[in-house]
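# Structure assessment
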Amino acid sequence: MYKLLLCWRYLRTRWIALASIVSVTLGVATMIVVNAVMAGFSHEMQTRIHGILSDLVFESHSLSGFQDPQWHMDEIKRAAGDDIVGMTPTVAVPAMLNFQVRGQWITRQIMLIGIDEATHAQVSDFGRYLQHPANRGQLSFGLRDGGYDTIDSQSDTKAVTRPALEGAGWPHRRMRVERERVWREKLEADRRAGVDAGAAESGPARSVDQQVNAVLAATAADAAAPSADQAADQAAADPAAAGKPADPFRQARPEEGTKMDPAREQFTGIVPGIGLASFRDNAGTDRFLVLPGDDVKITFPTAGTPPKAVSDTFTVVDFYESKMSEYDSNFVFVPIASLQRMRGMIDPQSGLASVNSIQIKLREGADLDRVRDTLRKVFPADLYAVSTWRDKQGPLLAAVDMEMSVLNILLFLIIAVAGFGILAIFFMIVVEKTRDIGILKSLGASAGGIGGIFLGYGLFLGIVGAGAGLALGLSIAWNINSIRAGVEWCTGERVFDPSIYYFYRIPSIVHPFTVLWIIVGAVGIAVGSSVLPALRAARLHPVEALRHD
Amino acid sequence: MTETAPAILRVRDLRKNYRSGETTLEVLRGVDFDLATGEFVSIVGQSGSGKSTLLHLMGLLDAADAGSIELDGTRIDGLSSSRRDRLRNTAVGMVFQSYHLLPELDALENVLAPLMVRHGVIEWLRVRHQARDTARALLDRFGLGGRLRHKPRQLSGGEMQRVAIARALVTRPRVLLADEPTGNLDEATGAGILDTLCELNRADGLSIVLVTHDAAVARRADRIVRLAAGRVDDAPLSSDEAGQARHAARRKAG
Ligand SMILES: Nc1ncnc2c1ncn2[C@@H]1O[C@H](COP(=O)(O)OP(=O)(O)OP(=O)(O)O)[C@@H](O)[C@H]1O
Ligand SMILES: [Mg+2]
């Protein structure tokens, strides 16, 4: 009984001990918040990565790929059976994207991915990341007649952050063509006037020439005189398509020699990652270099040996935004059939097409690693690589895990510091209270009982500190976005910049197990650091203690 | 004399050395000492003669190097530490020169402290009313009925010493061991404390060992034992015939 009474009396008079409660509280709260945010980021990233990649990727080592995807898909189905719920072939090649902004050519290094628009959205979250609501339902590589989202569909804010997408699509395309026509005519007129005025001055005339060429370069005028390569790839124009430009499967194919009308027809549609075409300004608004309806050029290698570089013109029809900048600034999606044709991946004799990889979706709860191993047994490893999405992003996921453990160790040191505080304070109390300990012993208190006072005291500090830390940490973790808003409002500074993270709110996930582990750790440290003082108090010799002043 | 009365404390050939490095200080070199039931004995001796050491050994606060101590005919030296703790709590009451009260507790709580040490929390809830009554009655008896809620620092030396005596008695010990209880007090207050001790000895038959180096104080006891050179000096230099006669007479009467 005396233990409780004395613990209570000491607590009331030793406020310094409460200082260590505060440090335990702060340590626990920090750990809970940091873990919640880290878990949030990690979870966000994993769902993104998993959403971009399918469960399993079956691919060939060579850039030319393997023939007859249908046969492979049948074989995969036979090997893995019921676990498979969806498959789609893809072709991926490194390529270069060129587009013109205000007369300047911009070149980007990209990964050109041919996808089957009918089935691709079934194996991953691909469809979710598109900007046109209709494309999110079913992707079409045909240009839409406006209606692109000006509000980020993946954010929960209702702020219009993409005003530029308002007129995107056919209206934008028509307007651009018209503007270019007017501009071209004006230049033409200027040039004629200039030539008449001073035929001897070759300098200015040449510069105007360059200007005109620059303006024309990325436009449909280019298509009027296609190179031999391009002409072969761009199939004949379908007259019906011009009238119904939104029809995804009938794309404009200008017939060889005939002039294509860019105001009513489009090239093969592509969906570039949003990071390739836009940037976010300080106000949080997305600025676009290219809009749906604009034409771009892509240079990519053919399937032959050695590969040759070929170029073609494409029309942007939508943007892909996974919010993983690595993908958003790298991926460009095209229809797989067009890419196979352009790269010469279709065997002229058999008519069989080649693909680089097959994306596989497994049923909910299937063991990815097991299916992967099954497939690895069936298909020779020197020809095919089978990997799960985790394998693909292994180093990144491992890095995040490691980052989290290192951070946890560092944060636990904060609590350890609090532990040393408790140790020092308790030693002080033991020294200060030596005589009282002697008195208690002379009254018959056992060594265990005396030690118990300090252990109980430490336990109390730990529980109160960790409890307060738990409350503080959880309330911060759960309200982190309101707190962020408050801080931003107070300081006028952006604490969390969505243009860096591509998230609009700070993700935070509180794992009960992590919290439990933190609490147990904190209380353990508090009790642990009171063990030494407790032992010392327990071992005090009663007579010596009584003599102590 | 007192041979007929059963000895409540019997100390035989008790030795205690203090070692510090190479040198060994022999403080007690074979002390023989008996305390009869209901007897009031003073131990006197020069400073450093080992009076406090002897008292601590009898109060189980320290362990002897050799010799035996019997309490009520059972040896209490060499017991396990838990049984020593138990005996210290139940059989022995100790009073010290500098009171040794717990500063965080008030007078009543200080008196209750040994009972709190004895009982666990649940048991305490059961016995606390009775314990409080006992403690209050003791403090009342020592004239401290109005100071129950005062902290030690709010009390005078004499009052603190009386609280300490009440604390020593609340467990109903077999012997009371007092180490210079009047050492820090002025003559009048010290006399008051001694009166209290005499009263307890006479009225309650409490066996008391009183350590002092004040001859006048020692004379209040039934018998005086002199400690010198680590032994009990058998030649009683200032034996108080009257006191011994008084004790013998009371034994016969009781
Ligand atoms: N822990 C110790 N280590 C070494 N020597 C000690 C220790 N405790 C006591 N002594 C020595 O033992 C001797 C006896 O001490 P003790 O306190 O019993 O004397 P005392 O008779 O009570 O003296 P006083 O009348 O001054 O209280 C002294 O010389 C003291 O220095
Ligand atoms: Mg002494």
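Data block above holds the structure.
Residues numbered from 1 in each chain as written. Chains lettered and ligands numbered in written order. Predicted model: local features only at pLDDT ≥ 70, side-chain atom pairs only at ≥ 80, totals over all residues. Heavy atoms only, no water.

### Notes on unusual backbone geometry
Note on backbone geometry: most residues besides glycine have negative phi, and most peptide bonds are trans. All names here are of chain B. Note the following rule: A run of H or I in DSSP counts as a helix once it spans at least four residues, and a run of E counts as a strand once it spans at least two, with each numbered from the N terminus. For every residue, the accessible area (1.4 Å probe, protein chains only) is compared with the maximum for its type, and the residue is labelled buried under 20%, exposed over 50%, or partly exposed between those bounds.
A positive phi angle, close to 65°, is found at Tyr99, a residue other than glycine. If you trace the backbone, Tyr99 turns up in the loop between β6 (92-95) and α3 (107-118). Positioned with a positive phi, Glu180 is a non-glycine residue whose angle comes to about 45°. Looking at the element boundaries, Glu180 is found in the loop between β7 (175-179) and α6 (187-204). Since its relative accessible area comes to 12%, Glu180 is described here as buried.

### Re helix α19 (residues 480-491) of chain A
Helical geometry note: an α-helix holds 3.6 residues per turn, so side chains three or four residues apart project in the same direction. Residue and element names in this part refer to chain A. To keep things clear, this is the line we draw: What a helix should span is 1.5 Å times the count of its residues minus one. The arc under discussion is defined with respect to the helix axis, by the directions toward the C-beta atoms. Here, two residues are considered to be in contact whenever any of their heavy atoms come within 4.5 Å of each other.
With 12 residues, α19 should reach 16 Å at 1.5 Å per residue; the first-to-last C-alpha distance of 16 Å fits that figure. Among all positions in α19, only Ile480, Asn481, Arg484 and Glu488 are buried. Buried residues of α19, seen end-on, are gathered within an arc of 95° and therefore sit on one face of the element. Residues of α19 that are exposed and point more than 90 degrees away from the buried face comprise Trp489 and Cys490. The elements touched by buried residues of α19 are α2 (16-52) and α18 (447-478). Positive backbone phi, at 75°, marks Gly492, one or two positions downstream of α19.

### Observations regarding the site of ligand 1
Heads up, the rule is: Residues are counted as near a molecule or strand when any one of their heavy atoms sits within 4 Å of it. Whenever a nitrogen or oxygen atom comes within 3.5 Å of another N or O atom, the pair is scored as a polar contact, on the condition that within protein one atom can donate a hydrogen and the other can accept it, and that pairs from neighbouring residues in sequence are kept only if both atoms are in side chains. Note that accessible areas follow from Shrake-Rupley with a 1.4 Å probe, and for residues the cover is restricted to the protein chains shown. Gly is placed with the polar residues, together with every amino acid not listed as nonpolar (Ala, Val, Leu, Ile, Met, Phe, Trp, Tyr, Cys and Pro) or charged (Asp, Glu, Lys and Arg).
Near ligand 1 there are 15 residues, and of these Ser47(B), Gly48(B), Lys51(B), Ser52(B) and Thr53(B) occur at the shortest range. One chain alone does not account for the residues near ligand 1; they come from chains A and B. With respect to ligand 1, the side chain of Glu544(A) contributes an N or O atom lying 3.2 Å from a nitrogen atom. Measuring from an oxygen atom of ligand 1, one finds a side-chain N or O atom of Glu180(B) at 3.4 Å. Starting from 630 Å² of accessible surface for ligand 1 in isolation, the protein chains cover 69%. Listing elements by their share of the shell around ligand 1, those giving two or more residues are α22 (542-547) of chain A together with β2 (23-36) and α1 (51-58) of chain B. Broken down by element, the residue count for the shell around ligand 1 peaks at three residues, all from α1(B). Split into classes, the residues belonging to the shell around ligand 1 amount to three nonpolar, eight polar and four charged.

### Description of the nonpolar core
Heads up, the condition is: For our purposes a nonpolar core is just a set of buried Ala, Val, Leu, Ile, Met, Phe, Trp, Tyr and Cys residues, chained together by side-chain atoms within 4.5 Å.
In terms of nonpolar packing, the biggest core is built from 118 residues, with Phe33(B) and Met58(B) touching the most fellow members. Per element, the largest residue contribution to this core is nine residues, and it comes from helix α16 (residues 394-432) of chain A. Once residues within four sequence positions are removed from consideration, Met58(B) is found in contact with Leu9(B), Val11(B), Phe33(B), Ile43(B), Ile69(B), Ile76(B), Val92(B), Leu177(B) and Val209(B). Counting 74 residues, the second-largest nonpolar core is a separate cluster that includes Leu130(A), Val296(A), Tyr320(A) and Phe333(A).

### Considerations on the interface of chain A and chain B
Many structure descriptions define interface size as the accessible area lost when the parts assemble. Selection criterion: Throughout, buried area stands for the accessible area (probe radius 1.4 Å) lost by two parts on being put together, summed over both. We count a salt bridge whenever a side-chain nitrogen from Lys or Arg sits within 4 Å of a carboxyl oxygen from Asp or Glu.
Contact residues are listed per partner, giving 26 residues for chain A and 25 residues for chain B. Roughly 2200 Å² is buried in total at the junction of chain A and chain B, and carbon and sulfur atoms are behind 64% of that figure. There are one salt bridge connecting chain A and chain B. Here chain A is connected to chain B by five residue pairs in polar contact (both at pLDDT 80 or more). It is helix α1 (residues 2-13) of chain A that provides the largest number of residues to the side of chain A that touches chain B, a total of seven residues. Grouping the constituent residues of the side of chain A that touches chain B by class yields 14 nonpolar, five polar and seven charged.

### A few points about the pairing of strand β1 (residues 7-20) of chain B
All names here are of chain B. Spelled out, the test is: Any two strands between which DSSP finds at least two bridges are classified as paired.
In the sheet, β1 pairs with β2 via 11 bridges, with the strands oriented antiparallel. Note that in β2 the partner of Arg15 across the bridge is Arg29. Here β1 folds back onto β2 in antiparallel fashion, the turn holding two residues, of which Gly21 has a positive phi close to 65°. Bridge count for β1 against strand β4 (residues 66-71) is five bridges, and the pairing is antiparallel. Looking across to β4, one finds that Arg12 is bridged to Ser68.

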